[in-house]
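As a plain string of letters, each chain reads:
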Amino acid sequence: MKQKHTTLIKQESKRLGFDFCGISKAEFLEEEAPRLEKWLKEEKNGKMQYMENYFDLRLDPTKLMPGAKSVISLLLNYFPAQDENPPVLTGAAGVPLLKGKNSQQPGISKYAYGKDYHFVIKEKLKNLISFIEENIGAVNARAFVDSAPVMDKVWAKKSGLGWIGKHSNLISKSKGSFFFIAELIVDLELEYDGPVADYCGTCTKCIDACPTNAITEPYVVDGSKCISYFTIELKENIPADMKGKFDNWMFGCDICQDVCPWNSFSTPHTEPHFKPKPEILNFTKRDWQEISEETFNKTFKDSPLSRPRFEGIKRNLEFLASPKPSPEERT
Ligand code: SF4
Ligand code: SF4
């Protein structure tokens, strides 16, 4: 029965558009506990206070959902066919080594080109729960998309969907790392997948390329130094010592993923909701500077760009335009 249910769920996840599905037993994440504790103690979460909440629940899905038996991890590709920032450097095999930024277009992370993934994925997860209820039976289930109480990368790794690279993103050996991760915690016993090996080897490209040195050691990203944190999560002013280090990124940053050799295997997604908004593809620096709050809110109301709001985007643009500190000021 377990095998039949597992096959049904995996087949349906494909039909719903997910690229990969892996399953693990819902249990305490023993290995992860000291690592998470250390990361929080060293304040690598910056001002992302919410990451300190639910410490026990984050490490144990059976506390998050009493009666939980399995964690179903799902990946959805968001690698765009059209890249706002086309590659300027290519390796020997035509592999993009660095997505150079056109100075006329402030950088926007690829995951934000289309409609907000939370809406898109939640709908798919709702459909997957309905499928389980109709084809397997009554189920107690909770769905999560990029939400603090679940350690999504750790579960995806445990379920064999990839390994966590030195840049701390999940990497699939066949398709790279441009994926959203979602989970369903269910009270159904299913067949479990095992983890895959780590294929980073001696590579250090992501560490070498990070402009703010946020990857402090292999596999450890100091969230409080990452451009994604500064441009999306931080509500206050961006610290002056970061001036000149953002490499023209206005919303998020893809550098460590763009330089990763495994992303030469990325293929364009097929999700219509992630189709880039024309403004994302065509807006010049000037267009961004001149956009009114009303137009911004109308254009980006269903986009991840609405998270930092109009004021956040303006703050980021001003930060990018502000003069770099002189060598004396840096010291
Ligand atoms: S997203 Fe950018 S700033 Fe953050 S770790 Fe990667 S390269 Fe560094
Ligand atoms: S760039 Fe290299 S070290 Fe970094 S995640 Fe990719 S393979 Fe691993």
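Below you will find a few notes about this structure.

1. Some details on the site of ligand 2
Right, on to step 1. Around ligand 2, a shell composed of Gly165, Lys166, His167, Ile171, Cys200, Cys203, Lys205, Cys206, Cys260, Pro261 and Trp262 is seen.
Right, on to step 2. Taken together, the residues of the shell around ligand 2 break down into 7 nonpolar, 2 polar and 2 charged.

2. Examining the pairing of strand E2 (residues 70-77)
Right, on to step 1. Counting buried residues in E2 gives 8 out of 8 residues, a clear majority hidden from the surface.
Right, on to step 2. Covered by surrounding structure in E2 are Ser70, Ile72, Leu74 and Leu76 together with Val71, Ser73, Leu75 and Asn77, the residues of both alternating faces.

3. Observations regarding the packing of aromatic side chains
Right, on to step 1. Under the definition given, this model contains 21 aromatic pairs.
Right, on to step 2. The interplanar angle of 85° and the centroid separation of 5.2 Å between the aromatic rings of Trp163 and Trp262 together place this pair among those described as edge-to-face. Here Trp163 is found in strand E7 (residues 163-164), whereas its partner Trp262 is found in the loop between helix H9 (255-258) and helix H10 (278-282), with 99 residues between them in sequence. Across the pair, exposure class does not vary: Trp163 and Trp262 are buried alike.
Right, on to step 3. Residues Trp262 and Phe265 carry aromatic rings whose centres are separated by 5.9 Å and whose planes lie at 45° to one another, so their mutual orientation is tilted.
Right, on to step 4. The class for Phe265 is partly exposed, based on a relative accessible area of 41%.
Right, on to step 5. Through successive ring pairs, a cluster of aromatic residues spans Tyr78, Phe79, Tyr111, Tyr117, Phe178, Phe180, Phe251 and Phe274.
Right, on to step 6. Directly above the ring of Tyr199 sits Lys173, whose terminal nitrogen or CZ lies 4.2 Å from the centroid.

4. Comments concerning the pattern of salt bridges
Right, on to step 1. Applying the stated rule across the entire model yields 10 salt bridges.
Right, on to step 2. For Lys110, the salt bridge is made with Asp258, and the minimal N-O distance between the two is 2.8 Å. Taken together, the positions of Lys110 in the loop between strand E5 (107-108) and helix H5 (117-135) and Asp258 in helix H9 put the pair 148 residues apart, joining distant regions of the chain.
Right, on to step 3. Judged by its relative accessible area of 3%, Lys110 is buried.
Right, on to step 4. Classification of Asp258 as buried rests on a relative accessible area of 3%.
Right, on to step 5. Across the pair Arg286 and Glu290 runs a salt bridge whose closest N-O atoms are separated by 3.0 Å. Of the two residues, Arg286 and Glu290 both sit in helix H11 (residues 285-290), 4 residues apart, roughly one turn of that helix.

5. Some remarks on the site of ligand 1
Right, on to step 1. Close to ligand 1 lie Cys210, Thr212, Ala214, Ile215, Cys226, Ile227, Cys253, Ile255 and Cys256, which account for all nearby residues.
Right, on to step 2. Across the shell around ligand 1, the residue classes break down as 8 nonpolar, 1 polar and no charged.

6. Things to note about the side chain of Asp152
Right, on to step 1. By the element assignment, Asp152 lies in helix H6 (residues 152-158).
Right, on to step 2. No salt bridge is formed by the buried Asp152; its nearest oppositely charged neighbour, Lys153, is found at 5.8 Å.
Right, on to step 3. With residues up to four places along the chain from it excluded, the contact list for Asp152 reads Asp146, Ile181 and Glu183.

The rules behind these values
- Residues numbered from 1 in each chain as written.
- Chains lettered and ligands numbered in written order.
- Predicted model: local features only at pLDDT ≥ 70, side-chain atom pairs only at ≥ 80, totals over all residues.
- Heavy atoms only, no water.
- Near = heavy atom within 4 Å.
- Nonpolar A, V, L, I, M, F, W, Y, C, P; charged D, E, K, R; others polar.
- Buried < 20%, exposed > 50% of the residue type's maximum accessible area, 1.4 Å probe, protein only.
- Helix = DSSP H or I, 4+ residues; strand = E, 2+ residues; numbered from the N terminus.
- Phe/Tyr/Trp six-rings, centres within 6.5 Å; stacked < 30°, edge-to-face > 60°.
- Lys NZ or Arg CZ within 6 Å of the ring centre and 35° of its normal.
- Salt bridge = Lys/Arg side-chain N within 4 Å of Asp/Glu carboxyl O.
- Lys, Arg positive; Asp, Glu negative; His and termini not counted.
- Contact = heavy atoms within 4.5 Å.

The values reported here are purely geometric and, on their own, carry no functional implication.
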